[in-house]
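# Notes for the structure review
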Amino acid sequence: EAKRLGRRHYRIYSDAMHHSVSERLHAEQALRQALHEQQLEVWFQPILDTRDGSVVMVEALVRWPRDQGYVPPSDFIALAEETGLIIPMGIWIARQALCALPALREHWPELNLNINLSVLQLMQPDLVPRLCTLVDECAVPHSAVHFELTESLFAEQNEFLINQLRQLSDAGFKVHLDDFGTGYSSLERLLTLPIDTLKLDRSFTQTLELGDERLVKAVLLISQEMDMQVIAEGVETEKEMQRLRALGCHLMQGYLFAKPMPLPEIREWLARHGAPRAPPPMVRIPQR
Ligand code: C2E
Ligand code: MG
Ligand code: MG
Ligand code: MG
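Owing to the predicted nature of the structure, the values given are computational and were not obtained by experimental measurement.

## Regarding the overall build of the protein chain
Looking only at helices and strands, the protein chain features twelve helices and nine strands. Of the contacts made within the protein chain by residues no fewer than 6 positions apart, 70% connect residues no fewer than 24 positions apart. When the accessible surface of the protein chain is split by element, carbon and sulfur atoms take 53% of a total near 15100 Å².

Next up, the structure:
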């Protein structure tokens, strides 16, 4: 079953790439080298609770510096999946992100870390024990680590993948369903999967800017019934934020607040953004 799913993904990604064979080989070689020479970078983007402005999570996002710029993940994650490089790369990304968490928590001691996982990683039978070892090595509490998986992963009933997800959850990690609304999973599947959070895809957030609240309302209703929290992705405008808040969605991620940043920058940003508000100072009674 896992194999079948793997081949299906392979085909989708191959069709989507309009590069020649030699270009592909060249890119694969360059990516392999970047990984081995530690040229990849892990950046972080904050996720806020807009009720009090507190930073509740950061999402780790991989970056590949190349030719004075960055190759977007949308271009090279698929390549990494096709070539199997995603397995060592995924572990490398997780390690970088986890090792950074203590420094990130300096100003925000309760900060949680979101790490994206590819379906190919989830297909590795030893993924969860390996992640547990990594997390323990970095002395990070399991409850502070959230794994994001895309909804398309569960397009078909796959007992192995569902069991892997359950293992993640049983190990104390939180599971987020990424890009929610864009995949093909049936709503019925939500009932059986151990999912804590739905990440509302940016395309849904954008419907609010256009003045249409129906989709977002429906998703929020579902999340309430399922006892899941919702994070709105790609919040770019004041209007989107206000509409989300009015509808009862308070967790947000997007350029309106901050773009993904390299480690030194996010640390500065977190420091600048300030720790959770202390209780108001006691009123001092003047001494006579
Ligand atoms: P994602 O997991 O849904 O990540 C959110 C993407 O939205 C990121 O793009 C982020 O930079 C972007 N974003 C955040 N706020 C805004 C906004 O307000 N406006 C716009 N236009 N975009 C916003 P990024 O970093 O290019 O990553 C794209 C996708 O690549 C990710 O989508 C994820 O599926 C994948 N990816 C990124 N890093 C990793 C990784 O470490 N491992 C794996 N397996 N996949 C990754
Ligand atoms: Mg994500
Ligand atoms: Mg996402
Ligand atoms: Mg997305």
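There is more to say after this.
## Some remarks on the pattern of salt bridges
Inspection of the entire model under this criterion finds ten salt bridges. Notably, a salt bridge pairs Arg51 with Asp49, separated by 3.0 Å at the nearest N-O pair. Classification of Arg51 by relative accessible area gives exposed; the value is 54%. The buried category is assigned to Asp49, whose relative accessible area is 12%.

## Considerations on the environment of Ser54
If you trace the backbone, Ser54 turns up in strand E2 (residues 54–66). Relative accessible area serves as the criterion here: at 12%, Ser54 is assigned to the buried category. On a C-alpha basis, the gap between Ser54 and Trp108 in space is 8.8 Å, while along the polypeptide they are 54 residues apart.

## Concerning empty space enclosed by the protein
Within this structure, the stated rule accounts for one cavity of 30 Å³ or more. Of the pockets and cavities examined, the largest cavity occupies roughly 50 Å³. Every residue lining the largest cavity is listed: Ile87, Ile91, Gln121, Gln124, Asp126, Leu127 and Arg130. Residues that form the lining of the largest cavity fall into these classes: three nonpolar, two polar and two charged.

## Quick look at the layout of surface pockets
Looking at the second largest pocket, its volume works out to about 160 Å³. In terms of lining residues, the second largest pocket is bounded by Arg51, Leu220, Ser223, Gln224, Met228, Gln229, Val230, Gly248, Cys249, His250 and Leu251. Counting only elements with at least two residues in the lining of the second largest pocket, the list comes to helix H10 (214–226) and strand E8 (229–232). With three residues, the top contributor of residues to the lining of the second largest pocket is H10. The residue inventory of the lining of the second largest pocket, partitioned by class, reads five nonpolar, five polar and one charged.

## Some thoughts on the packing of helix H4 (residues 86–104) against helix H12 (residues 263–273)
Packed helix pairs are specified by the crossing angle of their axes together with the interaxial distance, meaning the distance between the axes. Orientation of H4 relative to H12, taken along the N-to-C sense of each, is 30°, at an axis distance of 11 Å. Here H4 lies roughly parallel to H12, going by the angle between them. Crossing of H4 over H12 shows right-handed handedness. When H4 is examined against H12, the residues Ala100, Ala103 and Leu104 are found in contact with a partner set consisting of Leu263, Ile266, Arg267 and Leu270.

## Considering the site of ligand 1
The environment of ligand 1 is made up of 22 residues, and the closest members are Arg63, Asn116, Asp178, Glu236 and Tyr255. Measuring from a nitrogen atom of ligand 1, one finds a backbone N or O atom of Val62 at 3.2 Å. About the coverage of ligand 1: the protein hides 81% of its 800 Å² of free accessible area. The set of elements that each furnish at least two residues to the shell around ligand 1 consists of E2, helix H3 (73–83) and strand E6 (174–180). For the shell around ligand 1, the residue count by class is nine nonpolar, five polar and eight charged.

## Regarding the nonpolar core
Core analysis: the largest hydrophobic core is formed by 87 residues, its most contacted members being Phe44 and Leu168. A per-element tally of this core places H4 first, with twelve residues.

## Overview of the packing of aromatic side chains
Summed over the entire model, instances satisfying the criterion amount to three aromatic pairs. Ring centres of Phe147 and Phe173 lie 5.1 Å apart, and the angle between their planes is 85°; on these two criteria the pair is classed as edge-to-face. Placement of Phe147 in strand E5 (residues 145–150) and of Phe173 in the loop between helix H7 (159–170) and E6 is noted, with a sequence separation of 26 residues between them. On the basis of relative accessible area, Phe147 is assigned to the buried category, the value being 1%. For Phe173, a relative accessible area of 2% corresponds to the buried category.

## Side note on the pairing of strand E7 (residues 197–200)
Taking every second residue as pointing to the same face, both faces of E7 are buried, with Thr197 and Lys199 on one and Leu198 and Leu200 on the other. In the sheet, E6 pairs with E7 via three bridges, with the strands oriented parallel. Bridge pairing in E7 places Phe180 opposite Leu200. Two strands pair when backbone bridges link them, and E7 and E8 are joined in this way by four bridges, in the parallel orientation. Paired with Thr197 across the two strands is Gln229, which belongs to E8.

Cut-offs applied
Here, residues in each chain are numbered from 1, in the same order as that chain's written sequence. Written order decides the labels, with chains lettered from A and ligands numbered from 1. In keeping with the model being predicted, local features are shown solely for residues with a pLDDT of at least 70 and side-chain atom pairs are shown and tallied solely at 80 or more, while totals for entire chains, interfaces and linings include all residues. For side-chain calculations, the full set of non-hydrogen atoms in the structure is used, while hydrogens and water are omitted. Here a helix means four or more residues in a row that DSSP labels H or I, a strand means two or more in a row labelled E, and each is numbered from the N terminus. Two residues qualify as a contact provided that any one of their heavy atoms is within 4.5 Å of a heavy atom in the partner residue. Accessible surface is estimated by sampling points in the Shrake-Rupley manner with a 1.4 Å probe; for residues, cover comes only from the protein chains shown. Salt bridge, as used here: a side-chain nitrogen of Lys or Arg that lies within 4 Å of a carboxyl oxygen of Asp or Glu. A 1.4 Å probe rolled over the protein chains alone gives each residue an accessible area, and that area as a share of the maximum for its type sets the label: buried under 20%, exposed over 50%, partly exposed in between. Note on definitions: the grid is 1 Å and covers protein atoms alone; a cavity is a set of points where a 1.4 Å probe fits but cannot get out; a pocket is an open set with protein on both sides within 12 Å along at least five of seven lines; lining residues have an atom within 4 Å of a point. Grid points are joined across faces, edges and corners, and a volume is the space filled by probe spheres set on the points. In this count, Pro and Cys sit with the nonpolar residues alongside Ala, Val, Leu, Ile, Met, Phe, Trp and Tyr, while Asp, Glu, Lys and Arg are called charged and the others, Gly among them, polar. Lines fitted to C-alpha atoms define the axes, with helix axes restricted to the stretch in contact, and inter-axis angles between N-to-C directions lie between 0 and 180 degrees. Working definition: roughly parallel below 35 degrees, roughly antiparallel above 145 degrees, roughly perpendicular at 65 to 115 degrees, and oblique for all remaining angles. By definition, turning the near helix anticlockwise from the far helix through less than a right angle yields a left-handed crossing, and turning it clockwise yields a right-handed one. One heavy atom within 4 Å of a molecule or strand is enough for the residue carrying it to be called near that molecule or strand. Polar contacts, as used here, are pairs of N or O atoms within 3.5 Å; protein pairs need one atom able to donate a hydrogen and one able to accept it. Residues neighboring in sequence count only if both atoms are side-chain atoms. To qualify as a nonpolar core, a set must consist of buried Ala, Val, Leu, Ile, Met, Phe, Trp, Tyr and Cys residues joined through side-chain atoms within 4.5 Å. Any Phe, Tyr or Trp ring, taking Trp's six-membered ring, that has another such ring centre within 6.5 Å forms a pair; planes under 30 degrees apart are called stacked, those over 60 apart edge-to-face, and the others tilted. One bridge is not enough; two strands pair if DSSP finds at least two bridges between them.

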